[in-house]
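Results of the structural survey
These are the residues of each chain, in order.
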Amino acid sequence: MTKKLKVYLLIVLAAICAACVFAGCRVGRPGREELLAGYKGQVTYYSNGGFFNKSTTITVRDVYFRNDPNMEGYNVNGVPFFDVTGTTTSLYVEREGYDLLGWYVPEVYTDGVHAGQTRYTYTYEDNAKVEHTVDVFPILDENGRQVTDKQYDRPLFARENVDEQIEEKDVRVVPSDIRITSDRLIADDDKLIVCARWVPSLKVIYKLVCEEGKTYYDASGNEYSNGSTLRQDEFGSGNVSSPSARAPIVLNGATFVRSYLDEDMQTVVGPINRPEGDEPEAPVVYAHYIDGDGWTIIDNDSSKVSSMFSGLTKATNKYYVIEDVDCSTRTLSLSSAFDTARATIVGNGHRLYNLNFGVAGGNVATQGMSYSIFGNIDDSFSLSNLKLENINISIRARGNISLYAVAHSIGNAKITGLEISGYRQSDDAEETAAITAKVTMPEANYVINAQNGNRDTWLFGGTTNDSEFLAGLTGIKITGVTTLTIEN
């Protein structure tokens, strides 16, 4: 069952006060036992300066728990502690300028006549406007029962050996280091005191990292440039904030890449621990954007690599690689002679490795067709600083086909820094082949550009041989073994 079913919130304390007989205070709480018949555990919440429900200044609340065997989810050991921290109930607390860390068991006196008792404090100003915080204690009558105020029937306090009455709403409870969570069960006849621990409110500041000199605008027309503050978010309750879970600001003409904890973009943002100190400095998150709308960011997700190779024919497609990616769990689609690569790929020096390519639609090649990774590379195609490691091509053909492992043709495309090599899993491991291709076909058929054992023109089409082609195109470098095997 839900907490809402388990918890009967807020016995209206005013109803208990109907029998008021004293002008300023009264002894005991007559009739309370009868009024609360059927309720078992009781938790008293001290908000320690916070407010309940925004609409009231009452800073102490009792919540009574009914552990009903007839309710769904009944637990003989009690019901979960009701953590009043959010806005999902009418009991949430807030304090302007502060974040709630949580609810804690109060500190108790360890020695003296008050040993084992809850520690309460009271803060006041003297005639010189100097602030003092002192310990206070519940006022007891001659029978040892708590003296309560007339209006709310709440305990009254005083400094030791001082004749005064301090209302409960004006006192604070000193929290210990023991936090109470829903793991704590409220059992029958349990009377638990908890107190709020507050820390000064923190903001997480998001700063823009982009190309110097560029200016972008959000949907409201606000202008941003490199170093601008994009937004400030509440750090939130608790000791950890998770900025990565928040949606990035959309900037016209720019694409969000990733957030970092440093301006040099070396440490990817993750959960941020609350800084220490009474007035901690606000954490800063550096949000990296690149120029242009519509970039696809390739992170460590092989499905995005698969989409990239499938989307090479669209000139509007742009891919920006920010991580090395192991693609061993996917089969990527080869291009055909009818496919022309026009997309843009920025590799940023990252590696796509363990690349397995096959023919789309069941991996059966059509007779007379020609296949490759990039297809025909158009003059508009652009690729920079990308490493492909351990390429494996596997084709089943029903008849004669052509295979040009890398591309059918390359015109005046802008290719700088495409490196194809073997993959080494560790320093001690043997390096794999750069490109390994295997074509399975009927005995009477053959790979057209590799007839009679010729293996010199199967990497690139439209050339005399692969070596001459690579010598004339400095933007592509292949190191390691390249092997084509044809099996019948």
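Here the structure is shown first, and the text comes after it.
Residues numbered from 1 in each chain as written. Predicted model: local features only at pLDDT ≥ 70, side-chain atom pairs only at ≥ 80, totals over all residues. Heavy atoms only, no water.

1. Remarks on the packing of aromatic side chains
- Summed over the entire model, instances satisfying the criterion amount to 12 aromatic pairs.
- Centroid distance Tyr 45 to Phe 81: 5.8 Å. Interplanar angle 25°. Geometry classified as stacked. With Tyr 45 in strand 3 (residues 41–46) and Phe 81 in the loop between strand 6 (79–80) and strand 7 (93–94), this pair connects stretches of sequence that are 36 residues apart.
- Three or more aromatic residues joined by ring pairs form one cluster here, namely Phe 309, Phe 357, Phe 374 and Phe 381.
- A cation over an aromatic ring shows up here: Arg 197 above the ring of Tyr 104, its NZ or CZ 4.5 Å from the ring centre. (Phe/Tyr/Trp six-rings, centres within 6.5 Å; stacked < 30°, edge-to-face > 60°. Helix = DSSP H or I, 4+ residues; strand = E, 2+ residues; numbered from the N terminus. Lys NZ or Arg CZ within 6 Å of the ring centre and 35° of its normal.)

2. Looking at the environment of Glu 430
- Locating Glu 430 in the fold gives a position in the loop between strand 39 (414–421) and strand 40 (435–440).
- Accessibility expressed as a relative area gives 72% for Glu 430, which makes it exposed.
- Sequence separation between Glu 430 and Asn 488 is 58 residues, and the spatial gap between their C-alpha atoms is 29 Å.
- Contact partners of Glu 430, with chain neighbours within four places excluded, come to Tyr 423 and Arg 424. (Buried < 20%, exposed > 50% of the residue type's maximum accessible area, 1.4 Å probe, protein only. Contact = heavy atoms within 4.5 Å.)

3. Comments concerning the pattern of salt bridges
- Here the structure, examined in full by the defined rule, presents 20 salt bridges.
- Shared partners join several salt bridges into a network, and the residues in it are Asp 62, Arg 154 and Glu 168. (Salt bridge = Lys/Arg side-chain N within 4 Å of Asp/Glu carboxyl O.)

4. Examining the side chain of Glu 389
- Tracing the backbone through its elements, the reader meets Glu 389 in strand 36 (residues 382–397).
- At a separation of 3.1 Å, a polar atom in the side chain of Glu 389 contacts the side chain of Arg 351.
- Those residues in contact with Glu 389, other than ones at most four positions away along the chain, are Arg 351, Leu 352, Tyr 353, Asn 354, Leu 355, Ser 421, Gly 422 and Tyr 423. (Polar contact = N/O pair within 3.5 Å; in protein donor to acceptor, adjacent residues only side chain to side chain.)

5. Digging into unusual backbone geometry
- For Lys 129, which is not glycine, the phi torsion reads 65° and is therefore positive.
- Checked against the element boundaries, Lys 129 lands in the loop between strand 9 (120–125) and strand 10 (131–138).
- For Lys 129, a relative accessible area of 64% gives the class exposed.
- In this structure, Asn 385 takes a positive phi of about 50° despite not being glycine.
- Following the sequence through the fold, Asn 385 ends up in strand 36.
- Owing to a relative accessible area of 43%, Asn 385 belongs among the partly exposed residues under this scheme.

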